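# Coordinate analysis (summary)
In case you want the letters, here they are:
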Amino acid sequence: MAHRIIPEQDNVFIELGRLIHETSYENKGERDVQIDNMRLDIVQNKDRKTIIGEIKKSSHSLKGAKDQLLYYLLRLKNMGVKAEGILLVPKEKERIPVILTLDEEKRIEKMCKDIKILVKGPIPSISRKQSSCKNCAFYTYCWA
Ligand code: SF4
C-alpha cells in the first residue's frame, strides 16, 4: 500500500466491506471525510468532543484497525484537532472506544518510523504457509 499498489477491488471481502460501510450508520455524523491522505469513515461531534468512527466488517483483526485509528488520531492531533476514536463493527453490534494516550502516541510514532524503514528495504520473502494470504486482496500480486 505504501507503494500505491491498490488491492484488487473485485475481491469478495473488499466488496463486502464496502457494502457494510455504505449501509451502516447512514445517519451518523459526516461520512467519508477526506483530510490529506486519510479517509475518515465517520466524523461526529458529541458532548463537545470530536469522535472519529472507523467501520470494520468483523472483529477478526481489530488490532490493526485500532492502530489505524490511533494513527488518524495522532495525525489530527498534530494538525491541532483533539479527537477520540471509536471502532464500529455493525454486524456484531460492537463499539470499541479508542483513546490516544501518550504511550500509544509513542508506539504509533515508532511504528511509523519502522514502516518507513521497511518500505525502503528489499522485498521481503513470503512464507508459503501463511494462512492469512488465502483471503487477501493482494493475493494475485504476491503469488502470481
Ligand atoms: S503476503 Fe499474503 S497476506 Fe501479505 S499481502 Fe501478500 S497475499 Fe496478502
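Look above for the structure.
Attention in this report is confined to the structure presented alongside it.

About the thresholds
- All residue numbers here refer to positions counted from 1 along the written sequence of the relevant chain.
- Given that the model is predicted, a residue must reach a pLDDT of at least 70 before its local features are reported, and side-chain atom pairs must reach 80 or more before they are shown or counted; all residues, however, enter totals for whole chains, interfaces and linings.
- Derived side-chain values reflect all non-hydrogen atoms in the structure, with water molecules and hydrogen atoms excluded from consideration.
- Only the stretch in contact is used when fitting a helix axis, every axis being a line fitted to C-alpha atoms; angles between N-to-C directions are given from 0 to 180 degrees.
- Strands are runs of DSSP state E lasting at least two residues, helices are runs of H or I lasting at least four, and both sets are numbered from the N terminus onward.
- An angle counts as roughly parallel when it lies under 35 degrees, as roughly antiparallel when it exceeds 145, as roughly perpendicular when it falls between 65 and 115, and as oblique in every other case.
- Two residues qualify as a contact provided that any one of their heavy atoms is within 4.5 Å of a heavy atom in the partner residue.
- Ten residues, namely Ala, Val, Leu, Ile, Met, Phe, Trp, Tyr, Cys and Pro, are considered nonpolar, four, namely Asp, Glu, Lys and Arg, are considered charged, and the remaining ones, Gly among them, are considered polar.
- Buried residues are those whose accessible area, probed at 1.4 Å on protein chains only, stays under 20% of the maximum for their type, while exposed residues exceed 50% and partly exposed ones sit between those limits.
- Multiplying 1.5 Å by the helix residue count minus one yields the expected span of that helix.
- Under the rule applied, a polar contact is a pair of N or O atoms within 3.5 Å (in protein, one hydrogen donor and one hydrogen acceptor; residues adjacent in sequence only if both atoms are side-chain atoms).
- Grouping into patches uses exposed residues only, defined as over 30% relative accessible area, and leaves out salt-bridged ones; the cut-off is 9 Å for like charges and 5 Å for nonpolar side chains (Val, Leu, Ile, Met, Phe, Trp, Tyr).
- Areas reported as accessible are Shrake-Rupley estimates using a 1.4 Å probe. Residue values count occlusion only from the protein chains shown.
- Only one rule defines a salt bridge in this text: a Lys or Arg side-chain nitrogen within 4 Å of an Asp or Glu carboxyl oxygen.

## What to know about the packing of helix 2 (residues 62-78) against helix 3 (residues 102-120)
Axis separation between helix 2 and helix 3 bottoms out at 10 Å; the angle between their running directions is 100°. It follows from the interaxial angle that helix 2 and helix 3 lie roughly perpendicular. The segment helix 2 lies against helix 3, with Lys66, Asp67, Leu70, Tyr71, Leu74 and Lys77 engaging Glu104, Glu105, Arg107, Ile108, Glu109, Met111 and Cys112. Across the contact of helix 2 with helix 3, the residue classes break down as 6 nonpolar, no polar and 7 charged.

## A closer look at the environment of Ile14
Relative to the assigned elements, Ile14 resides in helix 1 (residues 12-23). Taking relative accessible area as the criterion, Ile14 reaches 24% and is therefore assigned partly exposed. Separated by 120 residues in the primary sequence, Ile14 and Lys134 have C-alpha atoms spaced 14 Å apart. Residues in contact with Ile14, not counting those within four places in the same chain, are Pro7, Glu8, Gln9 and Ala137.

## Concerning helix 1
With 12 residues, helix 1 should reach 16 Å at 1.5 Å per residue; the first-to-last C-alpha distance of 16 Å fits that figure. Put simply, Asn11 is the residue that caps the front of helix 1, since its side-chain oxygen is 2.8 Å from the backbone nitrogen of Phe13. Tyr25 occupies a position one or two residues after helix 1 and carries a positive phi of about 50°.

## Considerations on a nonpolar patch on the surface
On the surface, Val12, Phe13, Leu16 and Leu19 cluster together into a nonpolar patch covering about 340 Å² of accessible area. Mapping Leu16 onto the fold places it in helix 1. With a relative accessible area of 36%, Leu16 lands in the partly exposed category.

## Examining the pattern of salt bridges
By the definition in use, this model includes 10 salt bridges. Between Arg75 and Asp36 there is a salt bridge, and its shortest N-O distance comes to 2.6 Å. Of this pair, Arg75 sits in helix 2 while Asp36 sits in the loop between strand 1 (30-35) and strand 2 (38-46), and the two are 39 residues apart along the sequence. Owing to a relative accessible area of 58%, Asp36 belongs among the exposed residues under this scheme. In this structure, the salt-bridge partner of Glu105 is Lys77, at a minimum N-O distance of 2.7 Å. Separated by 28 residues along the polypeptide, Glu105 in helix 3 and Lys77 in helix 2 bring together distant segments of the chain. Judged by its relative accessible area of 12%, Glu105 falls in the buried class. On the basis of relative accessible area, Lys77 is assigned to the partly exposed category, the value being 39%. The structure contains a network of salt bridges with shared partners spanning Lys66, Asp67, Glu104 and Arg107.

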